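# Per-entry structural report
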Amino acid sequence: MAMEMVSMGRVITFLTDFGSFYLSQMKGVILQRTKDVVFVEISTDIPPQDVRSGAFALMVASRYFPRGTIHIAVVDPGVGTERAAICVESGGHVFIGPDNGILMPAARTLGSPVAWKLDVPEGASPTFHGRDVFARAAAEIACGTHPEDMGIPFEPKDLDLGSPRVVANGVETTVIHIDNFGNVVLNMRSAPDRDVRLMGRRLKRVRTYGEAGWNESLITLGSHGFAEIAVNGGSAADLFGLSTGDKIVLEDVSCSE
């Protein structure tokens, strides 16, 4: 017997750096307007105010959601200032959040972004636009309002994750995300084809973590399609003292031996 597709409501995702009970308030605002929605949390524990890390996580995750999904991303150190609140449509997806670049890597990955500036309702909290601006906008779109009817056309700020560059003794690259395991994700869309050295320590080039010895440093191509540095059973971020935005040089082993 052929299986029938089960219909479901509009998918709304959340990506934030605040976790705790604040997210429930955003969901409550949406549910006051419509219950025909499916909520998915991409992440509620992005490092505080780490826009680059949030942009990476949104870019990696959004590609796996169906067309029509509404993504709310709130990593917003400029909340309540002159920074704009925006809605971006791209590839059949809608992205809602602050105009600080967090939406744009994901939007560009899915298609050709078109953006609108949202009005901030009178009485909106200057410290919680996630609830009073972005959740309200998402609810309206989920109920059938088209993004172009939400505001005026707008040219959003972009966020470029950058590209690695060849230097005298190897490749300079930038840390764009650190996950809960302490794995360090780089802005390299391929991993080196051999062992490299970082800060005097050899990184074993492996296909997967378990191919390295226990507590051995390694470099591999992550499931997200970017190179990452890890320690089997440990934290590469702690070992090397790395944070998002740091630039590092992966040295050719032959140049340092």
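These figures come from a predicted structure and were not determined experimentally.

As a further point, take the layout of surface pockets. Reported here for the largest pocket is a volume of approximately 340 Å³. If you trace the largest pocket, you find 18 residues lining it, with Ile42, Phe56, Ala57, His177 and Asp179 closest to the centre. Among the residues forming the lining of the largest pocket, the class breakdown is 10 nonpolar, 5 polar and 3 charged.

Under the criterion given, the structure shown has 6 aromatic pairs. Between phenylalanine 56 and phenylalanine 226, the aromatic rings sit 5.4 Å apart at their centres with planes inclined by 80°, giving edge-to-face as the arrangement. Here phenylalanine 226 lies in the loop between β13 (217–221) and β14 (227–231) and phenylalanine 56 lies in helix α2 (residues 51–62), a separation of 170 residues in the sequence. One aromatic cluster is present, formed by Phe18, Phe21, Tyr22 and Phe128 through successive ring pairs.

So, about the pattern of salt bridges. The full count for this structure, using the stated rule, is 8 salt bridges. Arginine 194 is paired through a salt bridge with aspartate 193; the nearest N and O atoms lie 3.1 Å apart. By relative accessible area, which is 49% here, arginine 194 ends up partly exposed. Close ionic contact of arginine 207 with glutamate 211 constitutes a salt bridge, the shortest N to O distance being 3.2 Å. Looking at glutamate 211, the relative accessible area reads 35%, which means it is partly exposed.

This part is about the confidence of the model for the protein. Atomic detail in the predicted coordinates should be set aside for any region of low pLDDT. A residue-level look at the protein finds 95% of positions with pLDDT of 70 or above and a mean pLDDT of 94. Every residue in residues 1–6 scores below 50 in pLDDT, and together they form 0 contacts with partners more than four places removed in sequence or on other chains.

Analysis parameters
- Residues numbered from 1 in each chain as written.
- Predicted model: local features only at pLDDT ≥ 70, side-chain atom pairs only at ≥ 80, totals over all residues.
- Heavy atoms only, no water.
- 1 Å grid on protein atoms, 1.4 Å probe; cavity = no way out; pocket = protein on both sides within 12 Å on 5 of 7 lines; lining within 4 Å.
- Points joined across faces, edges and corners; volume = space filled by probe spheres on them.
- Nonpolar A, V, L, I, M, F, W, Y, C, P; charged D, E, K, R; others polar.
- Phe/Tyr/Trp six-rings, centres within 6.5 Å; stacked < 30°, edge-to-face > 60°.
- Helix = DSSP H or I, 4+ residues; strand = E, 2+ residues; numbered from the N terminus.
- Salt bridge = Lys/Arg side-chain N within 4 Å of Asp/Glu carboxyl O.
- Buried < 20%, exposed > 50% of the residue type's maximum accessible area, 1.4 Å probe, protein only.
- pLDDT = per-residue confidence, 0-100.
- Contact = heavy atoms within 4.5 Å.

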